[in-house]
Amino acid sequence: MSDVTIKVRENGPYRITGPFELVDADGNAYELSPGETVALCRCGRSATKPFCDKSHREHGFEAKERAPR
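Note on numbering: residues in each chain are counted from 1, in written sequence order. With pLDDT at 70 or above as the cut-off, local features in this predicted model cover only qualifying residues; side-chain atom pairs require 80 or more to be listed or tallied, and sums for whole chains, interfaces and linings still use all residues. Excluded from the side-chain calculations are hydrogens and water; all other atoms, namely the structure's heavy atoms, are used.

A.B. asks: Before we move on, can you summarise the environment of alanine 63 with the specific residues and values?
C.D. replies: Among the secondary structure elements, alanine 63 is positioned in the segment after helix H1 (55–59). As a C-alpha pair, alanine 63 and cysteine 43 span 20 residues in sequence and 8.9 Å in three-dimensional space. Here alanine 63 is in contact with Asn11 and Arg42, once residues within four sequence places are set aside. By definition, any uninterrupted DSSP run of H or I lasting at least four residues is a helix, any uninterrupted run of E lasting at least two residues is a strand, and each is numbered from the N terminus. The contact criterion used throughout is that any non-hydrogen atoms of two residues lie within 4.5 Å.

A.B. asks: So what's going on with the packing of aromatic side chains? Residues and values would help.
C.D. replies: Ring geometry is summarised as follows: Phe, Tyr and Trp rings, the Trp one being its six-membered ring, pair when their centres sit within 6.5 Å, and such pairs are stacked at plane angles under 30 degrees, edge-to-face over 60 and tilted between the two. Enumeration according to the criterion identifies one aromatic pair in this entry. With a centroid separation of 5.4 Å and 85 degrees between ring planes, the pair formed by tyrosine 30 and phenylalanine 51 is classed as edge-to-face. One end of the pair, tyrosine 30, is in the loop between strand S2 (14–17) and strand S3 (38–40); the other, phenylalanine 51, is in the loop between S3 and H1, with 21 residues separating them in the sequence. Categorising residues by exposure relies on relative accessible area from a 1.4 Å probe, with only protein chains included: less than 20% of the type maximum marks a residue as buried, more than 50% marks it as exposed, and the intermediate range marks it as partly exposed. We classify phenylalanine 51 as partly exposed; its relative accessible area is 22%. Note on geometry: a ring has a charge over it if NZ (lysine) or CZ (arginine) is within 6 Å of the ring centre and within 35 degrees of the ring normal. Cation over ring: arginine 42 sits above tyrosine 14, and NZ or CZ is 5.2 Å from the ring centre.

Bear in mind that shape data such as this cannot, by itself, settle questions of function.
This is the structure:
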């Protein structure tokens, strides 16, 4: 089985690839195709939460997260 990768995009969404399940706060799983890659909003402005709709581009979202070296 492949590994799951979560990539923090520069001033953008979290991009998730690999076999995973996405579950909401009530425990309901989102229907995703096997092997589907998703982008999750982190700017808070997406109209399709939890998924990214690229609203971060229009609103100038900036984030500076970096993994420690």
